[in-house]
Amino acid sequence: MDVVDLKGIEPTVTLGKLVSFVRQVDWDVSLVDLELLWSGDEQDGPWLMSLDRAARDTLASISNAQVLELSAQWGRIEELAWSGPPSDDETLPVIQKVAARAQRARNAGEDLYCWCCL
């Protein structure tokens, strides 16, 4: 199975803010459209969701030239700067993995899925 472990990164806000930086738009709760596919328990999870193809394609469009700047921006969001702002390159590996997975999904005509739990 082709997965990226994004522990602590939920799709609507945290991943959505990365999508907003790539698109160069303000973040909005509806920026990443998620479809709930399965829920163990509606309130406590876990949940399996699919991300919309526009979000997948946005993440797939991340180029090597953008990664460092995106890492610096994304690392400064409240949801990731738990103990103060990380170094500019701290989220670089995560962005590279997400972009690569999104590229493989796009090239294969597949969706991206997110499994979340509390």
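Cut-offs applied
- Residues numbered from 1 in each chain as written.
- Predicted model: local features only at pLDDT ≥ 70, side-chain atom pairs only at ≥ 80, totals over all residues.
- Heavy atoms only, no water.
- Helix = DSSP H or I, 4+ residues; strand = E, 2+ residues; numbered from the N terminus.
- Rg over C-alpha atoms; globule rule 2.2 N^0.38 Å.
- Buried < 20%, exposed > 50% of the residue type's maximum accessible area, 1.4 Å probe, protein only.
- Contact = heavy atoms within 4.5 Å.
- Areas by Shrake-Rupley, 256 points an atom, 1.4 Å probe, with all protein chains shown as cover.
- Lys, Arg positive; Asp, Glu negative; His and termini not counted.
- Charge placed at Lys NZ, Arg CZ, Asp CG, Glu CD.
- Patch = residues over 30% accessible without salt bridge, like charges linked within 9 Å, V, L, I, M, F, W, Y side chains within 5 Å.
- Salt bridge = Lys/Arg side-chain N within 4 Å of Asp/Glu carboxyl O.
- Pairing = 2+ DSSP bridges.
- Phe/Tyr/Trp six-rings, centres within 6.5 Å; stacked < 30°, edge-to-face > 60°.
- Lys NZ or Arg CZ within 6 Å of the ring centre and 35° of its normal.
- Expected span 1.5 Å × (residues − 1).
- Axes fitted to C-alpha atoms, helices over the stretch in contact; angles between N-to-C directions.
- Disulfide = S-S within 2.5 Å.

**Student:** Would you mind going over the overall build of the chain with me for this structure?
**Tutor:** Counting its regular elements, the chain contains four helices and three strands. Ordered by position in the sequence, the α and β elements of the chain form the string α-β-β-α-α-α-β. Its C-alpha atoms give the chain a radius of gyration of 14 Å, within 12% of the compact-globule value 13 Å for 118 residues. Overall, the C-alpha framework of the chain stretches about 35 × 35 × 30 Å when taken along its three principal axes. Residues classed as buried in the chain amount to 37% of the 118 residues present. Taking the contacts inside the chain whose residues are at least 6 apart along the sequence as the reference set, 59% of them involve residues at least 24 apart. For the chain, the exposed surface amounts to about 7,200 Å²; the carbon and sulfur share of it is 50%. Charged side chains of the chain number 10 positive and 20 negative; the gap between the two group centres comes to 7 Å.

**Student:** I keep staring at a nonpolar patch on the surface and nothing clicks. Help me out?
**Tutor:** A cluster of nonpolar side chains, contributed by Leu37, Trp38, Tyr113 and Trp115, occupies part of the molecular surface with about 500 Å² of accessible area. Going through the elements one at a time, strand E1 (34-39) and strand E3 (112-116) are the ones with two or more residues in the nonpolar patch. Along the chain, the position of Trp38 falls in strand E1.

**Student:** How should the pairing of E3 be read in this particular structure?
**Tutor:** Two faces belong to every sheet, and in a regular strand the side chains alternate between them. Burial of E3 is one-sided: the residues Leu112, Cys114 and Cys116 facing one way are buried, the residues Tyr113 and Trp115 facing the other way are not. With five bridges connecting them, strand E2 (residues 47-51) and E3 associate as antiparallel partners. Each bridged residue has a counterpart across the sheet, and for Leu48 the counterpart in E3 is Trp115.

**Student:** Which parts of the structure should I look at to understand the packing of aromatic side chains?
**Tutor:** Two aromatic rings are characterised by how far apart their centres lie and by the angle between their planes. This model, assessed by the stated rule, comprises zero aromatic pairs. Here the basic side chain of Lys17 rests over the ring of Trp27, its NZ or CZ set 5.5 Å away from the ring centre.

**Student:** Mind showing me how you'd approach helix H3 (residues 64-75) here?
**Tutor:** One turn of the α-helix equals 3.6 residues, which is why residues spaced by three or four share an orientation. An ideal rise of 1.5 Å per residue puts 16 Å on 12 residues; H3 measures up with 17 Å between its terminal C-alpha atoms. Burial in H3 covers these residues: Val67, Leu70, Ser71, Ala72, Trp74 and Gly75. On its buried face, H3 is in contact with helix H1 (11-23) and helix H4 (92-108).

**Student:** I would appreciate a short explanation of the sheet that holds E2 in the present structure.
**Tutor:** Sheet strands line up and pair through hydrogen bonds in the backbone, either parallel or antiparallel. Taken together, the three strands give an open sheet; going across it, the order is E1-E2-E3, and neighbouring strands pair in antiparallel fashion. Single-partner strands in this sheet number two, and they are E1 and E3. Direction aside, the axes of adjacent strands within the sheet are offset by 25° on average.

**Student:** So what exactly am I meant to see when it comes to the state of the cysteines here?
**Tutor:** Here, the word disulfide means a covalent bond between the sulfur atoms of two cysteines. Across all of its chains, the model carries zero disulfides by this definition. The structure places no disulfide on Cys114, whose sulfur is separated from the nearest cysteine sulfur, that of Cys116, by 3.2 Å. Given a relative accessible area of 14%, Cys114 falls into the buried group. Exposure remark for Cys116: the relative accessible area of 13% places this residue in the buried category.

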